[in-house]
Amino acid sequence: KNPIHIEVGMGKGRFLMDMAVLAPEINYVGIEMYDSVAAPRSTETEKLETEIKNLFFIRMDARQLPEVFAEGEVDRIYLNFSDPWPKDRHAKRRLTSHEFLARYEKILKKDGTLEFKTDNKICLTSLLRDENAEGWELTAFTYDLHHDVVLSEGNVMTEYERKFSSIGNPIL
């Protein structure tokens, strides 16, 4: 019954854990393809999943999203510091590629949103180009999230965001 927000490429899941605690009325689902990256199964993560009733982790390939989520079921998708796959020959692997945008469009509600954070300008430029080509509507944008008074309000930082901003990289 609650809105569903998913993070594709959740890594260790800290961002979603923090979000789930802040907004218990929203169901948060973390998607991670690689065991080596995902939050390790431990007493701590099992305890968190038990205590935080609106938090779920799934190890799966994001290409299968339309097979797991119904059409229009998801309210928001987070792409936080996704691997930029900078070489042109790897473009289809980007979580911001045409192919992935088409998958997101299938599962997002009509008024659903895709939120994207990175420190990589090439990755951002690629997403903006692909979103425009696919007919997505850009509702907010910044070249420096932490110095944007409006967009930084209520921002929950990811592990990479903390790391990159601590060395002076602007968050896009």
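Above this text you will find the structure in question.
Residues numbered from 1 in each chain as written. Predicted model: local features only at pLDDT ≥ 70, side-chain atom pairs only at ≥ 80, totals over all residues. Heavy atoms only, no water.

Novice: Sorry, what's going on with unusual backbone geometry here?
Specialist: At Phe-81, a position not held by glycine, the phi torsion is positive, near 55°. Its relative accessible area of 10% is what places Phe-81 among the buried residues. (Buried < 20%, exposed > 50% of the residue type's maximum accessible area, 1.4 Å probe, protein only.)

Novice: Would you mind going over the sheet that holds strand 3 (residues 55–59) with me for this structure?
Specialist: Hydrogen bonds along the backbone pair up the strands of a sheet, which may run parallel or antiparallel. Spatially, five strands are ordered 3-2-1-4-5 in an open sheet, and the strand pairing comes out parallel. Every interior strand has two partners, whereas the edge strands, strand 3 and strand 5 (108–117), have only one. Averaged over neighbouring strand pairs, the angle between their axes works out to 20° when direction is ignored. Where strand 1 (residues 4–8) meets strand 2 (residues 27–32), five bridges bridge the pair, whose relative direction is parallel. The partner of Ile-4 across the bridge, within strand 2, is Asn-27. Across the sheet, helix 4 (residues 98–107) is in contact with strand 1, strand 4 (74–80) and strand 5; its angle to strand 5 comes to roughly 135°. (Pairing = 2+ DSSP bridges. Helix = DSSP H or I, 4+ residues; strand = E, 2+ residues; numbered from the N terminus. Axes fitted to C-alpha atoms, helices over the stretch in contact; angles between N-to-C directions. Contact = heavy atoms within 4.5 Å.)

Novice: Can you walk me through helix 4 in this structure?
Specialist: Taken together, the buried positions of helix 4 are occupied by Phe-100, Leu-101, Arg-103, Tyr-104 and Ile-107. Angular distribution of buried residues about the axis of helix 4 spans 160°; they occupy a single face of the element. (Arc of directions from axis to C-beta.)

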